[in-house]
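In case you want the letters, here they are:
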Amino acid sequence: MSFILEMMKRNNFVAQNKISVLIIAQNNASTIERTLKSVQGFDQIVVIDGGSTDCTKELALKYGAKVVDHPFKSFPDQRSFSLTQAEHEWCLVVDSDEEITEELQEELYRIVNSSETATLYRIMRTEYLLGDENKYGYGRSDYQERFFKKSHVRYEGELHEYPVIDGTKPSRNDPRTINLPENFRMHHNPDNNVSMIVQRFPKYTLLKAQEKIKQGRTVSLLELIFCFPLSFLQIITRRWKAGRIGIVEALSESANRLFIKMLIYEHGILKDKKKGND
């Protein structure tokens, strides 16, 4: 915890309004310790565990977190459940492979004890790949909707959940929201590499395909054949400034899109066969 925040606490500046940190996790032992160390100065840390079989829960308990078991159904369900476990009105949502800077922590406590009236704050998240910050095009560092008053917010969506304020999804210029200055940041996994991308593929690819199938999406054989080259060209035209990072990300995302379409295509074939047998 920084010297400035410690002095604020000694003067009872932050005692008036407190903050709950909400983390959803499942088999994240390789990254969550870094996350937990970075949020030690907050008033409450909640870890919602979706069914870990590694030492994720043990690490969370070691760092003083409130650990709650909640079998994983969907990301919106996990996020929404985490809100029910928060003791405080102000909540900061952190992923289990992110870090919070001391400067951001100090700014959040300044906000909750000031006269600012926003309901939700967006925080700049620094993205990494192969040891470098991802600054350009697809997958670049960008703002995330992570800090808010829980009494006004709920989560919706399927694969990529999003917050809804008092029943409506906020736009970028919604007066109820504010973008914090870019120097107040959270850092997404600095060790992100191709191996980690491949490890994430099965879960996220299946979830995305299932989401699109529910929406009635279909894929033709022609679309399947041209998916990879067209996706690569589309992404690399926006990512060429990133050099090797752009090429690696364009390749990995194109492969991801291809497998999603393959799953949708397979579902269509099985559906047609079932109709033919009825």
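Calculation criteria
Residues numbered from 1 in each chain as written. Predicted model: local features only at pLDDT ≥ 70, side-chain atom pairs only at ≥ 80, totals over all residues. Heavy atoms only, no water. Helix = DSSP H or I, 4+ residues; strand = E, 2+ residues; numbered from the N terminus. Rg over C-alpha atoms; globule rule 2.2 N^0.38 Å. Buried < 20%, exposed > 50% of the residue type's maximum accessible area, 1.4 Å probe, protein only. Pairing = 2+ DSSP bridges. Right-handed = clockwise from strand over helix to strand, strands pointing away. Arc of directions from axis to C-beta. Contact = heavy atoms within 4.5 Å. Polar contact = N/O pair within 3.5 Å; in protein donor to acceptor, adjacent residues only side chain to side chain. Phe/Tyr/Trp six-rings, centres within 6.5 Å; stacked < 30°, edge-to-face > 60°. 1 Å grid on protein atoms, 1.4 Å probe; cavity = no way out; pocket = protein on both sides within 12 Å on 5 of 7 lines; lining within 4 Å. Points joined across faces, edges and corners; volume = space filled by probe spheres on them. Nonpolar A, V, L, I, M, F, W, Y, C, P; charged D, E, K, R; others polar.

### A word on the overall build of the protein chain
Piece 1. The number of helices and strands found in the protein chain is eight helices and 13 strands.
Piece 2. Here the C-alpha atoms of the protein chain give a radius of gyration of 21 Å, agreeing with the 19 Å that 2.2 N^0.38 yields for 278 residues.
Piece 3. Once the C-alpha set of the protein chain is aligned to its principal axes, its extents read approximately 70 × 45 × 40 Å.
Piece 4. Burial analysis of the protein chain (278 residues in total) assigns 45% to the buried set.

### Overview of the environment of S195
Piece 1. Counting through the fold element by element, S195 comes out in helix α6 (residues 194-214).
Piece 2. For S195 and L207, which are 12 residues apart along the polypeptide, the C-alpha to C-alpha distance reads 20 Å.

### Here we look at the pairing of strand β2 (residues 44-49)
Piece 1. Across the six residues that make up β2, a large majority, six, are buried.
Piece 2. Across the two faces of β2 the burial is the same, with Q44, V46 and I48 and I45, V47 and D49 all buried.
Piece 3. Sheet analysis places strand β1 (residues 19-25) next to β2, joined by six bridges and oriented parallel. Across the sheet, I23 pairs through a bridge with V47, a residue of β2.
Piece 4. Once you follow β1 into helix α2 (residues 29-38) and on to β2, the crossover reads as right-handed.
Piece 5. Both β2 and strand β3 (residues 66-69) contribute to a ladder of four bridges, which runs parallel. What sits directly across from V47, in β3, is V67.
Piece 6. Crossover connection from β2 via helix α3 (residues 56-62) to parallel β3: handedness right-handed.

### A few points about helix α4 (residues 75-84)
Piece 1. Within α4 the residues assigned to the buried category are F75, P76, Q78, R79, S82 and L83. Along the axis of α4, the buried positions cluster into a sector of 165°, meaning they face one direction only.
Piece 2. Its buried side turned inward, α4 meets β1, β2, β4 (90-93), β9 (142-149), β10 (153-156) and α6.
Piece 3. Capping of α4 at its N-terminal end is provided by S74; its side-chain oxygen lies 3.2 Å from the backbone amide nitrogen of D77.

### Structural notes on the packing of aromatic side chains
Piece 1. Scanning the entire structure with this criterion turns up six aromatic pairs.
Piece 2. Measuring from ring centre to ring centre gives 6.1 Å for W90 and Y121, while their planes differ by 50°; the resulting arrangement is tilted. Taken together, the positions of W90 in strand β4 and Y121 in strand β6 (residues 120-126) put the pair 31 residues apart, joining distant regions of the chain. Y121 shares its class with W90; the two are buried.

### Structural notes on the layout of surface pockets
Piece 1. Within this model, the second largest pocket holds a volume of roughly 210 Å³.
Piece 2. The element contributing the most residues to the lining of the second largest pocket is helix α8 (residues 244-277), with eight residues.
Piece 3. Looking at the lining of the second largest pocket residue by residue, the class counts come to five nonpolar, four polar and four charged.

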